[in-house]
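Below are the chains, spelled out letter by letter.
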Amino acid sequence: MLRIAFVGWRGMVGSVLMGRMREEDDFKGFEATFFTTSNVGGKGPDVGLDIPPLRDAFDVGLLTSHDIIVTCQGGGYTKDVYPKVLETGWAGYWIDSASALRMDEESIIVLDPVNRDVIDRGLAAGVKKYVGGNCTVSLMLMGLSGLFATGRVEWISPMTYQSASGAGAKHMKELIAQMAELGVIAGPLLDHPATTAIAIDEAITDRLRQGDFPTENFLAPLAGSLIPWIDSAMESGQTREEWKGMVETNKILGTETPIPVDGLCVRVGAMRCHSQGLTIKLAGDIPLDEINGMIAEGNPWVELVPNDRESTLQRLTPAAVNGTLTVPVGRVHKMLMGPEYVAAFTVGDQLLWGAAEPIRRILKIIVEHLG
Ligand code: HSE
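The rules behind each value
One numbering rule holds for all chains: residues counted from 1, following each sequence as written. Local features in a predicted model are, by the rule used here, given only for residues with pLDDT of at least 70; side-chain atom pairs are given and counted only at 80 or more, and totals for whole chains, interfaces and linings are based on all residues. Each side-chain value is worked out from all heavy atoms of the structure, with water and hydrogens disregarded. Between N-to-C directions, angles span 0 to 180 degrees; the directions come from axes that are lines fitted to C-alpha atoms, helices contributing only their stretch in contact. The helix count covers DSSP runs of H or I at least four residues long, the strand count covers runs of E at least two residues long, and both are numbered beginning at the N terminus. Should an angle lie under 35 degrees it is considered roughly parallel, over 145 roughly antiparallel, and from 65 to 115 roughly perpendicular; all remaining angles are considered oblique. The hand of a helix crossing depends on one turn: near helix anticlockwise from the far one by less than a right angle means left-handed, and clockwise means right-handed. Two residues qualify as a contact provided that any one of their heavy atoms is within 4.5 Å of a heavy atom in the partner residue. When residue character is reported, Ala, Val, Leu, Ile, Met, Phe, Trp, Tyr, Cys and Pro are called nonpolar, Asp, Glu, Lys and Arg charged, and the others, Gly included, polar. Only protein atoms enter the 1 Å grid used here. Points where a 1.4 Å probe fits but cannot escape make up a cavity, open sets with protein on both sides within 12 Å along at least five of seven lines make up a pocket, and a residue lines them when an atom lies within 4 Å of a point. Grid points are joined across faces, edges and corners, and a volume is the space filled by probe spheres set on the points. When a residue's accessible area, from a 1.4 Å probe over protein chains only, is under 20% of the maximum for its type it is buried; when over 50% it is exposed; and in between it is partly exposed. Pairs of N or O atoms within 3.5 Å make up the polar contacts considered here, provided that, within protein, one atom can donate a hydrogen while the other can accept it, and that residues adjacent in sequence are counted only when both atoms are side-chain atoms. Being near a molecule or strand, for a residue, means having at least one of its heavy atoms within 4 Å of it. Only the protein chains shown count as cover for residues, and the accessible areas themselves come from Shrake-Rupley with a 1.4 Å probe. A molecule is said to be in a cavity or pocket once over half of its atoms fall within 2 Å of that pocket's grid points. Here, nonpolar core refers to any group of buried Ala, Val, Leu, Ile, Met, Phe, Trp, Tyr and Cys residues whose side-chain atoms link them within 4.5 Å. For Phe, Tyr and Trp, where Trp contributes only its six-membered ring, two rings pair if their centres lie within 6.5 Å, and the inter-plane angle classes them as stacked under 30 degrees, edge-to-face over 60, or tilted in between. Look at NZ for Lys and CZ for Arg. If either is within 6 Å of the ring centre and within 35 degrees of the ring normal, a charge sits over the ring.

A. Inspection of the packing of helix 1 (residues 12-23) against helix 12 (residues 352-370) at higher detail. In the contact formed by helix 1 and helix 12, the axes pass within 9 Å of each other and the chain directions differ by 55°. Comparing the axis directions of helix 1 and helix 12 gives the class oblique. The element helix 1 and its partner helix 12 pack so that their crossing is right-handed. Along its contact with helix 1, which presents Val-13, Val-16, Leu-17, Arg-20 and Met-21, the element helix 12 presents Leu-352, Ala-355, Ala-356, Glu-357, Ile-359, Arg-360 and Leu-363. Of the residues belonging to the contact of helix 1 with helix 12, the class tally is nine nonpolar, no polar and three charged.

B. The layout of surface pockets, seen in detail. Roughly 1,100 Å³ of internal volume is contained in the largest pocket. If you go around the largest pocket, you meet 50 residues; those closest to its centre are Ser-165, Gly-166, Ala-167, Gly-168 and Gln-350. Elements with a minimum of two residues in the lining of the largest pocket: helix 1, strand 2 (30-36), helix 3 (75-87), helix 5 (135-149), helix 6 (169-190), helix 8 (240-253) and helix 12. Ranked by the residues each element gives to the lining of the largest pocket, the list is headed by helix 12, at five residues. Grouping the constituent residues of the lining of the largest pocket by class yields 20 nonpolar, 23 polar and seven charged.

C. Main features of the side chain of Lys-129. Structurally, Lys-129 can be placed in strand 7 (residues 129-132). Judged by its relative accessible area of 7%, Lys-129 falls in the buried class. Only 3.1 Å separates the side chain of Lys-129 from the side chain of Asp-104, close enough to count as a polar contact. Not counting the four nearest positions on each side in its chain, Lys-129 is found in contact with Tyr-82, Trp-94, Leu-101, Asp-104, Glu-106, Ser-107 and Ile-108.

D. Structural view of the site of the ligand. The ligand sits among Asn-134, Cys-135, Gln-162, Gly-166, Ile-230, Glu-241, Arg-267, His-274 and Gln-350. Taking Asn-134, its side chain carries an N or O atom lying 3.2 Å from an oxygen atom of the ligand. Gly-166 places a main-chain nitrogen or oxygen 3.3 Å from an oxygen atom of the ligand. Protein contacts shield 83% of the accessible area of the ligand, which totals 260 Å² for the unbound molecule. With respect to the pocket detection grid, the ligand is positioned in the largest pocket. Tallied by class, residues from the shell around the ligand come to two nonpolar, five polar and two charged.

E. Just the nonpolar core, in detail. Core analysis: the biggest nonpolar cluster contains 66 residues, and Phe-6, Tyr-130 and Ile-280 have the highest contact counts within it. The greatest single-element share of this core, amounting to nine residues, is contributed by helix 12. Sequence-distant contacts of Tyr-130, defined by excluding residues within four places in its chain, comprise Tyr-93, Trp-94, Ile-95, Asp-96, Ile-108, Val-110, Ile-119, Gly-122, Leu-123, Ile-362 and Ile-366. The next biggest cluster of nonpolar side chains, apart from the first, holds 16 residues, and it includes Leu-63, Tyr-82, Trp-94 and Leu-101.

F. Inspection of unusual backbone geometry at higher detail. In this structure, Asp-25 takes a positive phi of about 60° despite not being glycine. With respect to the helices and strands, Asp-25 occurs in the loop between helix 1 and strand 2. A residue is classified by how much of its surface remains accessible, and Asp-25, at 48% relative accessible area, is partly exposed.

G. How the structure looks around the packing of aromatic side chains. Using the criterion set out here, one finds twelve aromatic pairs in the structure. Here the aromatic rings of Phe-6 and Phe-27 are separated by 5.8 Å at their centres, their planes lie at 55°, and the arrangement is tilted. Residue Phe-6 is located in strand 1 (residues 2-7), and its partner Phe-27 is located in the loop between helix 1 and strand 2; the two are separated by 21 residues in the primary sequence. The same class applies to Phe-6 and to Phe-27, which are both buried. Taking 5.2 Å as the distance between ring centres and 15° as the angle between the ring planes, the aromatic pair formed by Phe-6 and Phe-34 counts as stacked. Of this pair, Phe-6 sits in strand 1 while Phe-34 sits in strand 2, placing them 28 residues apart in sequence. As far as the burial class goes, Phe-6 and Phe-34 line up, both buried. Three or more aromatic residues link up through ring pairs in this structure, and these residues are Phe-6, Trp-9, Phe-27, Phe-30 and Phe-34. The side chain of Lys-128 reaches across the aromatic face of Tyr-93, ending 5.3 Å from its centre. Looking at Arg-240, its charged tip hangs above the ring of Trp-243, at a distance of 5.2 Å from the centre.

Written out as structure tokens, the structure reads:
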């Protein structure tokens with residue numbers, strides 16, 4: 001029977017992955033071993049099976065007795081353990097949610113509703129490294145896969161509105177802690193209907209600027225504000241998050257001529273849905289109803305939202321999409337710059353299609369491939 005090792009199942013992406021695998025009844029047809037970096041001998045996750053106590057995630061000998069290793073432990077673990085695993089001559093499949101191996105020449109970035117052809121070619125060629133993509137890139141491609149498939153996308157400029165979850169679990173909590181702090185200030189003022197909005201704003205701004213406002217993780221207020229910087233600086237003037245847009249999009253699609261993708265990435269006070277305002281330059285003047293049709297038919301999870309207020313407010317917001325696999329695309333219209341320019345807005349759950357779901361699906365694909 002196939003043996004599969006799971007590392008990093010307790011963190012945010014890992015626990016969403018475990019939840020999805022349980023929901024889809026995926027824990028069958030293989031033997032699962034759960035590893036830990038901190039709690040050897042402890043109890044593993046509830047996956048509806050009797051499972052042995054947790055094993056040591058640094059035990060290379062034990063890891064390499066498995067056919068597939070799935071890790072959501074993070075880039076530090078990958079950089080440390082993966083070379084040691086390879087040194088043993090291990091020929092199994094490494095599935096990773098971290099970015100460490102993403103741009104490696106021998107890895108494939110997985111997003112099977114978009115690049116199943118690339119994955120199948122990789123499997124046939126004996127590729128053993130499968131890595132989840134950057135969440136923003138994966139969610140943009142899930143929304144626009146139908147348009148990309150036509151080969152008519154000349155370039156895209158995504159302006160992002162990224163959730164706290166993309167930064168990590170502590171950041172999600174910090175966002176809410178910041179909101180709670182603002183609630184403490186605003187509460188008594190709101191109790192007096194005569195208080196003006198300007199007076200409330202002054203009190204809120206004053207609190208945002210105080211040294212003890214909780215910003216340990218974000219390093220700046222996010223509640224009542226935003227942060228137009230994600231990840232580290234690049235020589236190009238982009239941030240690393242912005243740089244990933246073009247390199248990962250083109251690697252996922254397996255393009256021969258790279259499609260330019262560039263825009264600004266901004267953190268906003270949403271919990272776990274990334275949103276993106278897209279400027280799309282098409283090769284030619286394609287009628288709007290055809291564009292809508294292409295987007296709608298891209299994959300079973302994309303949902304075209306009519307460009308009207310009611311539909312937008314009901315279906316095209318993080319509040320509506322949080323915790324679901326639906327990737328709505330709306331606000332689609334031609335722009336004033338010319339008939340080849342199209343605006344669109346998309347929202348997607350950063351922990352599902354942005355992280356855990358492509359990993360869950362590549363594991364199934366590889367299990368089927370080996371079966
Ligand atoms: N880097 C992303 C973010 C998350 O900070 O939102 C994961 O791809």
